[in-house]
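Observations on the three-dimensional arrangement
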Amino acid sequence: VNPGAALYPRATETRDLRNLDGVWNFRKSPTDPEFGYKNGWFEQDLEKTGPVIPMPVPSSYNDIGEDASLRDHVGLVWYDRRFYVPIWWGQNGQRVWLRFSSVHYASQVWVNGQSVMYHEIGHLPFEVEISDVVNYNTSNLLTVVVDNTLLSDTVPQGTIRDIMVANNKVRLEQTYTFDFFNYAGIHRSVFLYSTPQTFIDDVIVNTDIQGLTGFVVYNVTYKSASNAQCVIQLFDKNGTQVAGSQDCAGLMEVGNANFWWPYLMHPEPGYLYTFKASLIGPLGELVDTYSLKVGIRTVTWSNTTIYLNDKPIYLRGFGMHEDSDLRGKGWDPVLWVKNFNLIKWVGANAFRTSHYPYAEEIYQMADEQGVMIIDECPSGDTDIFTDSLLEKHKQSLTELIRRDKNHPSVVMWSISNEPRSANYKADAYFGKVVKHVKSMDLSRPVTIAISQSYLNDKAGQHLDVICFNRYNGWYSNTGSLLNIASYVTEEATAWHRRYNKPVIMTEYGADTIAGLHLIPEYVWSEEYQVALMSEHFKAFDRLRRVGFFAGEFIWNFADFKTTQTITRVGGNKKGIFTRSRQPKASAHHLRARYHSLAAAE
Ligand code: GCB
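1. Comments concerning the nonpolar core
Counting residues in hydrophobic clusters, the biggest one holds 89 residues, and the most contacted among them are Phe318, Ile415 and Leu590. Among the elements that make up this core, the one with the highest residue count is helix H10 (residues 526-546) (eight residues). Not counting residues within four places of it along the chain, the set of residues in contact with Leu590 comprises Phe318, Val346, Tyr508, Met533, Phe537, Ile554 and Ile576. Formed by 48 residues, the second largest nonpolar core is a distinct cluster that contains Leu7, Tyr8, Trp260 and Met372.

Given below as structure tokens:
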């Protein structure tokens, strides 16, 4: 089992970092998945074994060409490029690491023709030490094969069937039930980095508060042949050291601490300290050092309320997607700096990483800006509860928590979106998944975005917070605004009565074509989306007065691409922003609400 990757790669006094993003060579495999393997495509430059096209990394490959066969490709694609390892890394005895921040879905990686790693599950990083396979005196060949095939035991799930096309040729067709396009490729940055022989392997930071005092509980682990000593320093924003320790694991106290607060809840939201861990060798020499940003805050919860730093919080935000024109799910800083500016413009304080973990840089931005995240694992619409799926589901959470445990922005784990939670097997299945999460992290509540009825749900008993998705006035009672407010109030109340836990509405909304105006309000028009929101707001305000209702998340932040169906006009149009991030009338409407909620805090 591949353990994923823990620490985000950074250059420090003892580590070097190179980014391998850029334009790589690319080729689709023929339908026979063995073809590239049999013909040694991993042993020499792809250019030498056939025609290649240029492919940007990071990006999805689907929307780069003009060809539906690339967009709809099912099966393997091959990428390669050459890279150099600085000769001085070798001279200094540095270890060399290769890290993929994410590849969708399964991938195998070769360096100079040697297989170095295999990883399944998109959206999560994986890395390996390649010191023994790299050349210093010449370039190195890096080859990656990517398989986007989704089956009944992949996360998420899908189905493949053969369709006969002209000349008796077979074309594979992928179907899936989740509502976003199955973009594939090398989706996030690829890093080459170095560490010393004895190196910091992981850092776990938890925080607590008492009055004005902050506590930082930490554990630094390292790998080596020899023993080293730890020196831990905590710096505030001005670079002043405020705490320190000489133990690899321990607790540091920060008097009069600046706590991490959400956006608009405090004049200085997203306050971060720098936690610097150093390893010192027997002669007092610096062996390795690694720094990360930490926020001092607590998340606690009762049967009605979620608290941040002992203050009740109300989450106001969005379900989102990693999705944009041309890039698909490729990491793009332009897009995400813009997204965060829009999140703040609207006055939101939270979003859910529906329906998979997002790029690590996004969580770093959320930490800095005080935006809270419900961090969702890539479970898909779990509808079979087999042991093999359970293992993969647990593995995805192991990798997710290993990656995201230190982010103050992450305030909740979502272990699934819309599973078939009425199935009798869902009880034991989710009981095990929750137990697995709790064995790794007790500091955050666990939830599921549930779509099945509170009458026969079997998963909620295992959760700390109940989230539910419901499309009143859209999928049910289409076009009718009449009963939305009472249905939402009744359903949220019923969930609370059934489980005695805080309740959040994680999805509601209406598809809307920007620029379509119809009065009286009519489905797909800007007027209908606004009116449907207003009915939900009535319910949310009523529920807030009763006291167990902890948040509202509209679906969706922006329009996004889906598979082709007759219910999707160029994709899912429930965004309050268009896919190019321009506001619909609904964005202005939500903005007025979120800012007034913030002002009343
Ligand atoms: C849902 C899903 C989400 C869809 C949304 C919709 O319940 O969780 O992935 O996009 O509904 O618009 O149908």
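2. Points about the state of the cysteines
Disulfides are covalent bonds that link the sulfur atoms of two cysteine residues. What the rule picks out here adds up to one disulfide. The disulfide partner of Cys230 is Cys248, and the S-S distance across this bridge is 2.0 Å. The sign of the 95 degrees torsion about the S-S bond sets the Cys230-Cys248 disulfide as right-handed. In this pair, Cys230 is assigned in strand S17 (residues 229-235) and Cys248 in the loop between strand S18 (241-245) and strand S19 (249-254), connecting sequence segments 18 residues apart. No disulfide involves Cys377; its sulfur sits 13 Å from that of Cys467, the nearest cysteine. With a relative accessible area of 0%, Cys377 lands in the buried category.

3. With respect to the site of the ligand
Taken together, 13 residues are adjacent to the ligand, and Asp179, His355, Glu418, Tyr475 and Lys574 come closest. A distance of 2.8 Å is found between an oxygen atom of the ligand and a side-chain nitrogen or oxygen belonging to Glu507. Trp555 places a side-chain nitrogen or oxygen 3.1 Å from an oxygen atom of the ligand. Coverage of the ligand by the protein amounts to 91% of the 320 Å² it exposes when considered alone. Partitioned by chemical class, the residues of the shell around the ligand number four nonpolar, four polar and five charged.

4. Describing the sheet that holds S19
Strands sit in the order S15-S16-S19 across an open sheet of three strands; the sheet is antiparallel. Two strands bound the open sheet, and with one partner strand each, they are strand S15 (199-210) and S19. In this sheet, neighbouring strand axes are inclined to one another by 20 degrees on average, regardless of whether the strands run parallel or antiparallel.

5. Examining helix H9 (residues 484-499)
The periodicity of an α-helix, 3.6 residues per turn, causes residues three or four places apart in sequence to face the same way. Look at H9: 23 Å from first C-alpha to last across 16 residues, which is about the 22 Å you get at 1.5 Å a residue. Buried residues of H9: Ile484, Ala485, Val488, Thr489, Glu491, Ala492, Thr493, Ala494, Trp495, His496 and Tyr499, and no others. On its buried side, H9 packs onto strand S29 (446-450), strand S30 (466-469), strand S31 (503-507), H10 and strand S32 (549-555). At the C-terminal side of H9, Asn500 shows a positive phi close to 55 degrees.

6. Some points on the packing of aromatic side chains
Ring pairs (aromatic) are described by centroid distance and by the angle formed between their planes. Counted under the stated rule, the structure contains 41 aromatic pairs. With a centroid separation of 6.3 Å and 15 degrees between ring planes, the pair formed by Phe351 and Tyr358 is classed as stacked. The exposure class assigned to Tyr358 is buried, which follows from its relative accessible area of 0%. Taking the centre distance of 5.2 Å and the plane angle of 70 degrees together, the rings of Tyr471 and Tyr475 count as edge-to-face. For Tyr471, a relative accessible area of 10% translates into the label buried. Clustering of aromatic rings is evident, with ring pairs tying together Tyr176, Phe178, Phe180, Trp336, Phe340, Phe351, Tyr356 and Tyr358.

7. So, the pattern of salt bridges
If you walk through the whole model with that rule in mind, you get 35 salt bridges. The partner of Asp153 in a salt bridge is Lys392, and the shortest N-O contact between them spans 3.8 Å. Taken together, the residues span a long stretch of sequence, with Asp153 in the loop between strand S10 (140-147) and strand S11 (159-165) and Lys392 in helix H7 (residues 387-404) at a distance of 239 residues. Of the charged contacts, one joins Asp325 and Arg579 as a salt bridge, the two residues approaching to 3.6 Å between their closest N and O atoms.

8. Regarding the sheet that holds S10
Spatially, six strands are ordered S3-S2-S4-S10-S7-S8 in an open sheet, and the strand pairing comes out antiparallel. Of all strands in the sheet, those bounded by a partner on one side alone are strand S3 (53-57) and strand S8 (114-119). Strand-to-strand, the axes of this sheet are offset by a mean angle of 30 degrees, without reference to chain direction. Direction of pairing for strand S4 (residues 76-83) relative to S10: antiparallel, over a ladder of eight bridges. The residue bridging Phe83 from the neighbouring strand is Asn140, located in S10.

9. Comments concerning the environment of Asn417
Along the chain, Asn417 falls in strand S28 (residues 410-417). Given a relative accessible area of 5%, Asn417 falls into the buried group. With 247 residues separating them along the chain, Asn417 and Val170 place their C-alpha atoms 34 Å apart. A distance of 3.1 Å separates a polar atom in the side chain of Asn417 from a polar atom in the side chain of Arg352. Polar side-chain contacts of Asn417 include one of 3.1 Å to the side chain of Asn469.

10. Some details on unusual backbone geometry
The step from Val57 to Pro58 runs through a cis peptide bond, and the omega angle for that step is 0 degrees. Its place among the elements puts Pro58 in the loop between S3 and helix H3 (68-71). Phi at Asp310 takes a positive value of approximately 70 degrees, unusual for a residue other than glycine. With respect to the helices and strands, Asp310 occurs in the loop between strand S23 (306-308) and strand S24 (311-312). For Asp310, a relative accessible area of 54% puts it in the exposed group.

11. A short note on the pairing of S15
Across eleven bridges, the pairing between S15 and strand S16 (residues 213-223) is antiparallel. Looking across to S16, one finds that Val203 is bridged to Val220. Hairpin connection of S15 to S16: two residues between the antiparallel strands, including Gly211 at a positive phi of 60 degrees.

Procedures and definitions
Residues numbered from 1 in each chain as written. Predicted model: local features only at pLDDT ≥ 70, side-chain atom pairs only at ≥ 80, totals over all residues. Heavy atoms only, no water. Core = buried A, V, L, I, M, F, W, Y, C linked by side-chain atoms within 4.5 Å. Buried < 20%, exposed > 50% of the residue type's maximum accessible area, 1.4 Å probe, protein only. Helix = DSSP H or I, 4+ residues; strand = E, 2+ residues; numbered from the N terminus. Contact = heavy atoms within 4.5 Å. Disulfide = S-S within 2.5 Å. Near = heavy atom within 4 Å. Polar contact = N/O pair within 3.5 Å; in protein donor to acceptor, adjacent residues only side chain to side chain. Areas by Shrake-Rupley, 256 points an atom, 1.4 Å probe, with all protein chains shown as cover. Nonpolar A, V, L, I, M, F, W, Y, C, P; charged D, E, K, R; others polar. Pairing = 2+ DSSP bridges. Axes fitted to C-alpha atoms, helices over the stretch in contact; angles between N-to-C directions. Expected span 1.5 Å × (residues − 1). Phe/Tyr/Trp six-rings, centres within 6.5 Å; stacked < 30°, edge-to-face > 60°. Salt bridge = Lys/Arg side-chain N within 4 Å of Asp/Glu carboxyl O.

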